[in-house]
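Secondary and tertiary structure notes
These are the residues of each chain, in order.
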Amino acid sequence: MRISWMIGGAQGSGIDTSANVFGNALASLGFYIYGNREYYSNIKGRHSYFNLTISDVRARSISNKVDILASFDAETVFHHFTDVTRIAIYNTDVVNTSLYNVQSIEPEVAERVGKLLEEKGLEKSVSGALKYMESNGVKLIPVNYDEVTKEVAAKLKVPLSVAERAKNTTAIAVSYALLGLPKENLTRAIERTFKQETFLKLNEIAVETVFSLVRPEFSLPIPGKAKRRIQVDGNTAVAMGKIYGGLEFQSYYPITPASDESTYIEAHQEVWYEDPKTGDKRKRTIVVVQAEDELAAINMATAAALTGARSATATSGPGFSLMAEGLGWAGMNEVPVVVTFYMRGGPSTGLPTRTSQADLKFALNVGHGEFPKIVIASGDHVEAFQDAVLAFNLAEKYQTPVIHLVEKALANAYSIIDVEELGLEKIKIDRGKLITPSDHFYQRFAFTEDGISPRAVLGDAFMYYTGDEHNVLGHISEEPVNRTKMYQKRMKKLETADREIPEEERIKLFGEDSRVAVITWGSPKGAVLDAIDELERRGGLKVQVIQLRIFSPFPSRLLKKLLEDKEVIIDVEGNYEGQAGEIVKEKTGIEPTHYVLKWNGRPMARDEVEEGLLKALNGERRVVLNGGA
Amino acid sequence: MRISWMIGGAQGSGIDTSANVFGNALASLGFYIYGNREYYSNIKGRHSYFNLTISDVRARSISNKVDILASFDAETVFHHFTDVTRIAIYNTDVVNTSLYNVQSIEPEVAERVGKLLEEKGLEKSVSGALKYMESNGVKLIPVNYDEVTKEVAAKLKVPLSVAERAKNTTAIAVSYALLGLPKENLTRAIERTFKQETFLKLNEIAVETVFSLVRPEFSLPIPGKAKRRIQVDGNTAVAMGKIYGGLEFQSYYPITPASDESTYIEAHQEVWYEDPKTGDKRKRTIVVVQAEDELAAINMATAAALTGARSATATSGPGFSLMAEGLGWAGMNEVPVVVTFYMRGGPSTGLPTRTSQADLKFALNVGHGEFPKIVIASGDHVEAFQDAVLAFNLAEKYQTPVIHLVEKALANAYSIIDVEELGLEKIKIDRGKLITPSDHFYQRFAFTEDGISPRAVLGDAFMYYTGDEHNVLGHISEEPVNRTKMYQKRMKKLETADREIPEEERIKLFGEDSRVAVITWGSPKGAVLDAIDELERRGGLKVQVIQLRIFSPFPSRLLKKLLEDKEVIIDVEGNYEGQAGEIVKEKTGIEPTHYVLKWNGRPMARDEVEEGLLKALNGERRVVLNGGA
Amino acid sequence: MAELEWKPLWNDWCPGCGNFGILNAEQLAIQELGLDTKKLVIVSGIGCSGKTPHFFRIPITGVHTLHGRAITFATGIKLSNPSLTVIVNGGDGDLLGIGVGHFVSVGRRNVSLTVILHNNGVYGLTKGQASPTLKRGLKTKSLPRPNINDDVNPITLAISSGYTFVARGYAYDVKHLKELMKMAFSRKGLSLIEVLQPCPTYNDIFTKEYFDKRVYKLDNLPDWDPVVRREEEKGEKMSKAILKSMEWGERIPIGVFYRNDLVPSFEERIAESAKSYKEVIPAKARIEANGSPTTIIEDILKEKEV
Amino acid sequence: MAELEWKPLWNDWCPGCGNFGILNAEQLAIQELGLDTKKLVIVSGIGCSGKTPHFFRIPITGVHTLHGRAITFATGIKLSNPSLTVIVNGGDGDLLGIGVGHFVSVGRRNVSLTVILHNNGVYGLTKGQASPTLKRGLKTKSLPRPNINDDVNPITLAISSGYTFVARGYAYDVKHLKELMKMAFSRKGLSLIEVLQPCPTYNDIFTKEYFDKRVYKLDNLPDWDPVVRREEEKGEKMSKAILKSMEWGERIPIGVFYRNDLVPSFEERIAESAKSYKEVIPAKARIEANGSPTTIIEDILKEKEV
Ligand SMILES: Cc1ncc(C[n+]2csc(CCOP(=O)(O)OP(=O)(O)O)c2C)c(N)n1
Ligand SMILES: Cc1ncc(C[n+]2csc(CCOP(=O)(O)OP(=O)(O)O)c2C)c(N)n1
Ligand code: SF4
Ligand code: SF4
Ligand SMILES: [Mg+2]
Ligand SMILES: [Mg+2]
């Protein structure tokens, strides 16, 4: 069972809270959900929406086609009416609103929608869109929001302007009632969310009113909950992973969609830990600094790492570009610093609140000169959590910057997961060659077999760091033979990492060996797996999905082995160039035979991926997806 | 005829001037020269040297083995004695100087040299080094610099401390006299250089004194000069090219080895041009701005380009890293801006005054998100000049940033070239689709077949630019369909460029088709060509040299055709990873079979390249060069 | 190219945002001065404030740049084509946080630009973090805890950095603000106009109500004379203006704090050593004729001849 | 690891460089204060000045960072391990050119650092270009033309930016400079010491001879009292100090311009909301035991439970 639901409305009108309440209610019944939040780079007034998949088994993607659309404004109808398959909840008040009276709608959207309605001979208004849906077999559920508001106002004896606030709850209550689910769970979710009494009442009355009006359209078996579960978005998953992994210092400069991670950590700046010496439960502080810019952010984090702190920063494209020089210093000085890189639409300011996978090659090649970088790309919320710890471990083990790639499509996607999936007990902390030297004097950059020198921290011995080429002591050295050796020592660490990190951890495989392989990485993973399941279920087609999880050191040998005998290799990723495909070619000599690409800023949905894969299998070499509103 | 000469001495002691005088004297006789300047990241006191090849035919590389070493201090002897093959000029005063008494010498150098002398059972002093040379058949020319100084002081009636200044001239005069060349040319070169009378006299007397003491060791046929020639370093070659190409705005932040280019332009800020309307000779100003940092530098240049100015900046690694974000804005806004990227030793501050080719992949992938970049790499001084013009033409034609790669090894290398090599008459200016719109209102980003929109400049029409994704007007647009199209439009320009720029211009071929190919790019070109000539001359071996000159758009089809039937492909470049080799593999699927690499910060010399190629041909898969002091 | 009819965009600032007042004043100032809008370039940074050029209700040219970098773009535009009038609109995070290096550095140049600082005390577009002008200890709506950074005073900083016209306006006194802008737009040299800009969405402290009862005009002070008329007055006028700029509490001054027209603009400084800069606009020089360079390279070659 | 015997490096500054005096004063101050040198970190930028830590003749820990960024590194070090004493050495190009954004921004934090500004009026290591402190119209040795930028005054700028201890020393008055350093090194909060540093190689204007006859000590002025003792004095003391900092000509003041110990340091501000910051040094917290995390994540999970 899988139902796709969507709610839309103006940014700042409370869509997120409502979606959250709705999700919580469903979660309490044992449903899994996977939801994505889309919004403009705007504070108030532009169209935003929440796309949710409800499932009785673990959900991992969204669908562009929505079973139920919950709306109360005209713009939501215009943005999404072509995607609705079963039910559309709309506001009777906006039926006559013309497309050209919606000022907040982008001219490009209005033009496209207008053209479509015109082609179909329909009126360029909400009613035209409703007719379009109706003719597609969509059931229309009119809601007189005004009346509900009036009733609420009357019952609670508050002005209409206050009662207005229950509009969102009305929309979700209608959806929820249509699903035929028990009212109490929704009420409880509301109670958990709204602490202020008037608002609480307001919403409760709205629910009552709705339930008295709406009849169920679905009858869903209630799965119930066997295991402990949490609902997290990607930002929080990473933050939690960092904290569990021992984060001690985080610097950041505000940027979408990265800063929510830092805000979360800031709100949890003091954490409990068990003092291993005494066994006592104590508190420690994670220093979180809002820096003046990203140049400062990366350097503060790098410097903190020199003191032995597990240290990180989080940013997205524009900020990461500004970190290029700092990362080079960290590489040159063998500093374990972690950068969580939330990819959003580029280039430049691009689409600041939309997703993208176009920064992969930049991350792999960032900074002038050569130095080892470790690059990890998480494919889902569980990996985002685990990779946050892994990033620290690899950074300290190989004493080099680690770039942890997460996309906006994960950062702002919400997933319900079983706590056991996190594998908390299996999570290790590896601090690498961290030492307290017995001597005062110390060779920070001593030559070793594996390229990794024992690492002491500032304050524990005398030592020198410099961004210049240096000798074992960390003093500037321009001597050519030392240069060749010291450079090699640094680069060797990546070779050591390549030897030590099992290739099986760098690639995740799904499905059996088959003549068809799909290569993917990052957030499309969920959609790809769901699409393949569907294809297999329907056509008996066997596909092996290869998820690239660590791009540097690249698992060349294993991947080559996996790809060698494939007849069809479809690369699915969210950029124009097929960047992972290019890397695969560089590293293995084997090129994907087909590409399914997307760069419109919207996450990959399982239905469009399915369609895209089918097209590829039918011979289209380069399929471009354009789903999402 | 090819003679390799070197002069060394402390930074700030006038080595460069002397080398220049020496070169000028030789040039006036019709010799070609190719020289390289090596120096520490230091103002005064560290060892610097000038390595020159003198030739009767066009010279294009240096040799690590030097025929004549001119020295007056101990440190020069210690740095270079192992490389001298024929003659060593030394100061009788420093013979007893111990290796450990030279304070300015780096500990790593002292250790290495000390070990070598010890192994040979020689004293760790200049005299030990002299013995080492003697035993290698090197002829030692002792010079009592003190006595010359005294004589000069006496003759000119100046204090010894003033006469001291003639030490450099003494060293070059000795070298020059050894070559058996006519004194007048040296005297004239001195006259051209020293304007201040005392200094002029000083140097003239030193020359007289030397010529009365030294006997010729060589008897060189004097080639004489048939063609008009200039002597330029790489910085100046680019600056001249930019000026000829119509540079109107240059911003920079001081950095070695880039800023000499800007300093040169600053000194030539007003240039003559022929007003095409009136035919008059007029002056125009090139605005040169010393910015507060490289972030400012790139953005100022980009902004100037928006006004229609041919606009550029010049930097090296650390500065280029800081330009990553700005380049993305230029890419997003389709701005023709040129960045001359002087590569020096990285990562981080690295070896600020030494060469490197390790920034290639960074340059190709710089900036978050995807946008077209054109990347050109010059292989010699003539190309540096021509590519500076080409960079502007391609930038304006494809309305996108162009990165022009030049290495420190070219920037600080001096070459004598025939003016006709510059091909001044053949040089074209192509401003692309530059228009003055008739209407006030204007679609800056109009969709076109080739992805290139007509470009008007600020002040000529109303228009909008933004780093956000935008519509044809340049207004922010987040609409997904426009996004897909506008993104594609930008990327398409690179495909257009790939179609339009002949692949034959992107690759330069030397030698006939053969089973062995050497791939190279940038400054190693000269050394590779000289080494191959030598190999061919000696062994009859046929090798085809493939110089990659434009890396983006990459000449994939032609290169693939060239490489397809090769048995041996040797990649020669100045970095650890074999970056060009990796790109070749990504783009053609063909991997070099051998690598000759170098990353010690010193330029490739023809002798070590020759040796390296031989090793590769003998089966060594990865040859690491380490020549140069 | 399609026939184009110019129309303004829908403005997506929050209702009640102070930016509306700034935009109004700016348009009015431009119109009242009768500036040739085709020669006018509005350069902006990133933030709510950064959208200003897109929201003009008259056609202008807008260059919406990078976070913190607007001043550097504006400098490049002005110097390569000094015939353009260049105005910068930026946020307090934009100009005084990530961009403060450029904010200070351009002061040394006195390039003829007007910098309009939208001071709302918060990072609007990234959801209300503290900006560099927010005072320590204040807790605006979306801060988890009171701000732990001290504030930087834009007026003090601009004067310290070399700005030659430094003023403060208030977003809801459009008329007064417009007059400040007119002064700035029509002078040579670098001008700063700090604008007190309420952000009703995130800054619940510095609201319209807060300012309405506090702002007063320096003009109305009997002895206020911010203008440097002789070189010798400079130090005294600067430190007086700085002292005045520290007044913040029950009364908040707006108006001109400092003005010094004796300092040559950067364009004038360039022209001092390069006379042709005044005659030929660099961006407009004809560098090409019939596909060939017009630049005469002979002298340059000669210098290098051997 | 080889047995190590510590020895100082050869110092490659030019003969007569003012940096020698700064280094001497710094070493002396450290030694006279009896600072634990193992807990001492010298952070530097890029430039001749940036080499300072490498040239110490006593063992210390040196972090030679990036051009303009020393302050950001120093901040990271100090905040993650507040038990360390952190000093920044930077050039005038480094701290006031490319790094001026950080120079200003750290003022809002009052992190306990001492910033030593090597003011030589030039970009030494890149061969003598004008630095941001060089006055307009001056033509030092390697400039092709007189400088066309105005200068920024480090004292004025630091005070405007929130530094709580602002002083000027002279590289050739080692004793006086050392005393300034001792004050700065032993206080909480952010200190700036601008040092007049002759660069005999490139700055032929601001030479030893030039300064020797001009510098005088503020201490010797009868009424000079730079210390803010009550909150109300702040504005007045600041503007007085700023006015004083403009004195440059026949007489150039050195000494303490401004001092305000009433402002809490950034470390204190953090500890206000995070008590444990005072008890457990973040960098020294034991986050791992037997290969497993010691952090207790239960509360955090609970918040997200559904
Ligand atoms: C390099 C970079 N870092 C971060 C951001 C994210 N960002 C967008 S707007 C903004 C701050 C806006 O604050 P302010 O400048 O005060 O403008 P306001 O929105 O308040 O007008 C930030 C940090 C960015 N666009 N670029
Ligand atoms: C990002 C970057 N840009 C430029 C440089 C080149 N650079 C090295 S030192 C220096 C300036 C030195 O001047 P200053 O800071 O005044 O120090 P000084 O040498 O005078 O002590 C510059 C620009 C660099 N290292 N990094
Ligand atoms: S967030 Fe604040 S500054 Fe931004 S538009 Fe809304 S009210 Fe204005
Ligand atoms: S160049 Fe100037 S600052 Fe640098 S070492 Fe020499 S004298 Fe000192
Ligand atoms: Mg703001
Ligand atoms: Mg300096």
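Every chain is numbered on its own, with residues counted from 1 as its sequence reads. Written order determines the labels here, with chains lettered from A and ligands numbered from 1. Totals for whole chains, interfaces and linings use all residues, but because this is a predicted model, local features are given only for residues with pLDDT of at least 70 and pairs of side-chain atoms are given and counted only at 80 or more. Side-chain measures were taken over the full set of non-hydrogen atoms in the model, leaving aside hydrogen atoms and water.

Examining the interface of chain C and chain A
Heads up, the rule is: Contacts between residues were defined by any pair of non-hydrogen atoms, one from each residue, lying within 4.5 Å. By convention, the term buried area covers the 1.4 Å-probe accessible surface removed from two parts as they join, with the contributions of both added. Within this document, salt bridges are pairs made up of a side-chain nitrogen of Lys or Arg and a carboxyl oxygen of Asp or Glu, the two lying within 4 Å of each other. Throughout this description, a polar contact denotes any pair of N or O atoms lying within 3.5 Å of each other; where both atoms belong to protein, one of them has to be capable of donating a hydrogen while the other can accept it, and for residues adjacent in sequence the pair is counted only when both atoms sit in side chains. Labels follow the DSSP assignment, with helices taken as runs of H or I lasting at least four residues and strands as runs of E lasting at least two, numbered in each case from the N terminus. All residues other than Ala, Val, Leu, Ile, Met, Phe, Trp, Tyr, Cys, Pro, Asp, Glu, Lys and Arg, Gly among them, are scored as polar; the first ten of these are nonpolar and the last four charged.
Counting residues at the interface gives 24 residues for chain C, matched by 24 residues for chain A. Sorting the residues of chain C by area buried against chain A places C:W10, C:I98 and C:R145 first, and these three jointly supply 29% of that buried surface. In this assembly, chain C and chain A are joined by two salt bridges. As a salt-bridge pair, C:K127 and A:D260 come within 3.4 Å of each other at their nearest N and O atoms. Linking chain C with chain A are ten residue pairs in polar contact (both at pLDDT 80 or more). Residue assignment for the side of chain C that touches chain A shows that the elements contributing at least two residues are α3 (92-98) and β6 (129-130) of chain C. The leading source of residues in the side of chain C that touches chain A is α3(C), at three residues. Across the side of chain C that touches chain A, the residue classes tally to eleven nonpolar, eight polar and five charged.

Quick notes on the coordination of the magnesium ion (ligand 5)
Using the following cut-off: We call an atom a donor if it is N, O or S and sits within 2.8 Å of the metal, or 3.2 Å for Na, K and Ca. Water is not counted, so some sites may look partial.
Within the protein, the magnesium ion (ligand 5) binds to C:D92 (OD), C:N120 (OD1) and C:V122 (O); these donor distances fall in the range 2.1 to 2.2 Å. Binding-site remark: the magnesium ion (ligand 5) is held by donors from one chain whose sequence spacing is D-x27-N-x1-V.

Looking at the domain arrangement of chain C
All names here are of chain C. Quick reminder of the rule: Each domain's limits were defined by an automated method or a database of domain assignments.
When the domains of chain C are assigned, the result is domain 1 (19-269) and domain 2 (279-304). Taking only C-alpha atoms into account, the centre of domain 1 sits 39 Å from that of domain 2. With five residues of domain 1 at the contact, the number on the domain 2 side is four residues. With both chains or domains summed, domain 1 and domain 2 bury close to 280 Å², and 68% of this area falls on carbon and sulfur atoms. On inspection of domain 1 and its partner domain 2, the count reaches zero salt bridges.

A closer look at the relation of the copies chain A and chain B
Note that the two copies of the chain are related through a rotation about an axis and a translation along the same axis. For clarity, the cut-off: Our superposition of the copies is a least-squares fit, built on the C-alpha atoms of residues whose pLDDT is at least 70 in both.
Superposing chain A onto chain B takes a rotation of 180 degrees plus a shift of 0.0 Å along the axis, which leaves an RMSD of 0.0 Å. Taken together, the rotation and translation relating the two chain copies correspond to the operation of a two-fold axis. Minimal C-alpha separation from the rotation axis in chain A is found for A:E586, amounting to 2.0 Å. When the interface residues of chain A are mapped onto chain B, 100% of them again fall at the interface, so both copies present the same face.

Comments concerning the site of ligand 2
Quick note on the threshold: Whether a residue is near a molecule or strand depends on its heavy atoms: if one lies within 4 Å, it is near. Residue burial considers only the protein chains on display, and all accessible areas are found by Shrake-Rupley using a 1.4 Å probe.
Within the structure, ligand 2 sits among 23 residues, and B:E294, D:C48, D:S49, D:D92 and D:D94 are positioned closest to it. In this structure ligand 2 sits where residues from chains A, B and D come together. The separation between an oxygen atom of ligand 2 and a polar main-chain atom of D:G93 is 2.9 Å. For ligand 2, whose unbound accessible area comes to 590 Å², protein coverage reaches 98%. Only α13 (317-322) of chain B together with α3 (92-98) and β5 (122-123) of chain D provide two or more residues apiece to the shell around ligand 2. Looking at which element gives the most residues to the shell around ligand 2, the answer is α3(D), with four residues. In the shell around ligand 2, the residues fall into eleven nonpolar, eight polar and four charged.

Here we look at the site of ligand 3
In the vicinity of ligand 3, the residues found are A:I43, C:W13, C:C14, C:C17, C:C48, C:N120, C:Q197, C:C199, C:P200, C:T201 and C:Y202. The residues that come close to ligand 3 belong to more than one chain, namely chains A and C. Here the residues of the shell around ligand 3 sort into eight nonpolar, three polar and no charged.

Some words on the sheet that holds strand β6 (residues 139-143) of chain B
All names here are of chain B. Selection criterion: In this description, strands pair whenever DSSP reports at least two bridges between them. Each axis is a line fitted through C-alpha atoms, and for a helix only the stretch in contact is used; angles between axes span 0 to 180 degrees, taken between their N-to-C directions.
On the basis of which strands lie adjacent, the open sheet formed by eight strands has the order β6-β5-β4-β1-β3-β2-β17-β7 and mixed pairing. On the outer flanks of this sheet lie β6 and β7 (229-233), each paired with one strand and no other. On average, each strand axis in the sheet is inclined to that of its neighbour by 15 degrees, with strand direction left out of account. In the sheet, strand β4 (residues 66-70) pairs with strand β5 (residues 84-91) via four bridges, with the strands oriented parallel. Bridging across to β5, I68 finds its partner in I87. Of the strands in this sheet, β1 (2-10), β4, β5 and β6 touch helix α7 (residues 167-178), which is tilted by about 140 degrees from β5. This element, helix α16 (residues 381-398), spans β2 (32-38), β7 and β17 (413-418) of the sheet and lies at about 80 degrees to β17.

A short note on the domain arrangement of chain A
All names here are of chain A. When the domains of chain A are assigned, the result is domain 1 (2-213), domain 2 (231-426), domain 3 (439-493) and domain 4 (504-624). Taken over C-alpha atoms, the centre of domain 1 sits 34 Å from the centre of domain 2. On the side of domain 2, 18 residues touch domain 1, which itself brings 18 residues to the contact. Buried surface at the junction of domain 1 and domain 2, summed over both partners, amounts to about 1500 Å²; 39% is from carbon and sulfur atoms. Interface area lost by domain 1 to domain 2 is led by Y34, Y39 and R58, which between them contribute 35%. Its salt-bridge partner being E421, residue R58 comes within 2.8 Å of it at the nearest N-O pair. At the surface where domain 1 touches domain 2, the tally comes to twelve residue pairs in polar contact (both at pLDDT 80 or more). For the side of domain 1 that touches domain 2, the element with the highest residue contribution is strand β2 (residues 32-38), accounting for seven residues. Partitioning the side of domain 1 that touches domain 2 into residue classes produces nine nonpolar, six polar and three charged.

Topic: the side chain of D:R168
Inclusion rule: Summary of the burial criterion: residues with accessible area below 20% of their type's maximum are buried, those above 50% are exposed, and those between are partly exposed, where the area comes from a 1.4 Å probe applied to protein chains only.
Positionally, D:R168 belongs in strand β7 (residues 165-170). A relative accessible area of 1% places D:R168 in the buried class.

Remarks on the coordination of the magnesium ion (ligand 6)
The magnesium ion (ligand 6) binds to the protein through D:D92 (OD), D:N120 (OD1) and D:V122 (O), with metal-donor distances spanning 2.1 to 2.2 Å. Relative accessible area serves as the criterion here: at 10%, D:N120 is assigned to the buried category.

A closer look at the pattern of salt bridges
Residues and elements named next belong to chain B. Under the criterion given, the structure shown has 152 salt bridges over all chains. Notably, a salt bridge pairs K433 with D450, separated by 3.1 Å at the nearest N-O pair. With K433 in the loop between β17 and β18 (464-466) and D450 in the loop between β17 and β18, this residue pair connects regions lying 17 residues apart in the sequence. Classification of K433 as partly exposed rests on a relative accessible area of 29%. Relative accessible area serves as the criterion here: at 17%, D450 is assigned to the buried category.

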